[in-house]
Amino acid sequence: MLFGTGTRLTVEPKEQYEPEVYELSDTKTNEKVCLATGFTRHNLMKDWTAFSGTEASQIVEDGKPTGVYNQVAVLEAGQECGNTTEKADEPCAASLEPDEMVNLASLTVFGLRVIFMKTVVFNVLMTLRLWISQ
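Now for a description of the structure that goes with this document. Keep in mind that what you see is a predicted model, and the values were worked out from it rather than measured. (Residues numbered from 1 in each chain as written. Predicted model: local features only at pLDDT ≥ 70, side-chain atom pairs only at ≥ 80, totals over all residues. Heavy atoms only, no water.)

**Regarding the environment of leucine 35**
For clarity, the cut-off: Each helix is a run of H or I in the DSSP string that is no shorter than four residues. Each strand is a run of E no shorter than two, and both are numbered from the N terminus. Here a residue-residue contact requires only that any non-hydrogen atoms of the pair lie within 4.5 Å.
One can find leucine 35 in strand β4 (residues 32–39). Expressed as a C-alpha distance, the spacing of leucine 35 and valine 21, which sit 14 residues apart in the sequence, is 5.6 Å. The residues touching leucine 35, leaving out its near neighbours within four places in the chain, are Glu20, Val21, Tyr22, Leu24, Phe51, Gln71 and Val72.

Printed below as a string of structure tokens:
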């Protein structure tokens, strides 16, 4: 919440979590990115040199803020991320949970497409039958 110019009010949760910091790199382009995630104070990363000039963004679930922040910084050549969270021999795998509403919508659209195609085929057949009979 902002009050005029320069005054900012921030309400933070009582429990505080330290960030998990990951250094991500692209093997093709040799670019590196530093990701800090899961922390509760929005200005926690301001003292880290890698994150100067970037701002934390709050994680939102179902349209409601969670009070947990992420921050990303693109690293320049020779710049290090800092204290990173190392997880040896653990592959980075994204886990996507199936959503019942998406599945229902997909099935509904598929069903409507099938009905539409059946209608088109029926109309074409009836038109051909009419032309042949004349």
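**Looking at the pattern of salt bridges**
Applicable threshold: For this document, the term salt bridge refers to a Lys or Arg side-chain nitrogen within 4 Å of an Asp or Glu carboxyl oxygen. Under the scheme applied here, a residue whose accessible area is under 20% of the maximum for its type counts as buried, over 50% as exposed, and between as partly exposed, the area being computed with a 1.4 Å probe on protein chains only.
Under the definition given, this model contains one salt bridge. Here glutamate 23 makes a salt bridge to lysine 32, at a shortest N to O gap of 3.5 Å. Under the relative-accessibility criterion, lysine 32 is labelled partly exposed at 33%.

**Side note on the sheet that holds strand β5 (residues 57–61)**
Heads up, the condition is: When DSSP finds two or more bridges between two strands, those strands count as paired. Helix axes use the C-alpha atoms of the stretch in contact, all axes being lines fitted to C-alpha atoms, and the angles between their N-to-C directions lie in the range 0 to 180 degrees.
In space, the four strands of this open sheet follow the order β3-β4-β6-β5, with antiparallel pairing throughout. The strands lining the two open edges of the sheet, one partner per strand, are β3 (20–25) and β5. Going from strand to strand, the sheet's axes swing by 30° on average, the running direction of each strand aside. Pairing of β3 with β4, which is carried by six bridges, proceeds in the antiparallel orientation. Bridging from a neighbouring strand, leucine 24 pairs with valine 33 of β4.

**Re the environment of glutamate 31**
Residue position: glutamate 31 is located in the loop between β3 and β4. Along the backbone, glutamate 31 and alanine 77 are 46 residues apart, and their C-alpha atoms lie at a distance of 8.2 Å. Aside from chain neighbours lying at most four places away, what touches glutamate 31 is Leu24, Ser25 and Asp26.

**Considerations on the pairing of β4**
What sits between the antiparallel neighbours β3 and β4 is a turn of six residues, in which asparagine 30 has the positive phi angle 65°. With seven bridges connecting them, β4 and strand β6 (residues 64–75) associate as antiparallel partners. The residue bridging lysine 32 from the neighbouring strand is leucine 75, located in β6.

**Focus: unusual backbone geometry**
The backbone phi angle of aspartate 62 is positive, close to 55°, even though this residue is not glycine. Considering the arrangement of structural elements, one finds aspartate 62 in the loop between β5 and β6. Owing to a relative accessible area of 79%, aspartate 62 belongs among the exposed residues under this scheme.

**Considering the packing of aromatic side chains**
Spelled out, the test is: Planes of paired rings set the category: under 30 degrees apart is stacked, over 60 is edge-to-face and the rest tilted, where pairs are Phe, Tyr or Trp rings (Trp by its six-membered ring) whose centres lie within 6.5 Å.
The tally for this structure, following the rule as stated, stands at one aromatic pair. Taking the centre distance of 6.3 Å and the plane angle of 25° together, the rings of phenylalanine 39 and tyrosine 69 count as stacked. In this pair, phenylalanine 39 sits in strand β4 while tyrosine 69 sits in strand β6, placing the two residues 30 residues apart along the sequence. Judged by its relative accessible area of 0%, phenylalanine 39 falls in the buried class.

**Here we look at the pairing of β6**
Sheet topology note: the β5/β6 ladder contains four bridges and is antiparallel. Each residue of the ladder has a partner; that of serine 57, found in β6, is asparagine 70. Once β5 ends, the chain turns through two residues before running back antiparallel as β6, passing aspartate 62 with a positive phi of about 55°.

Keep in mind these numbers describe shape, not what the thing actually does.
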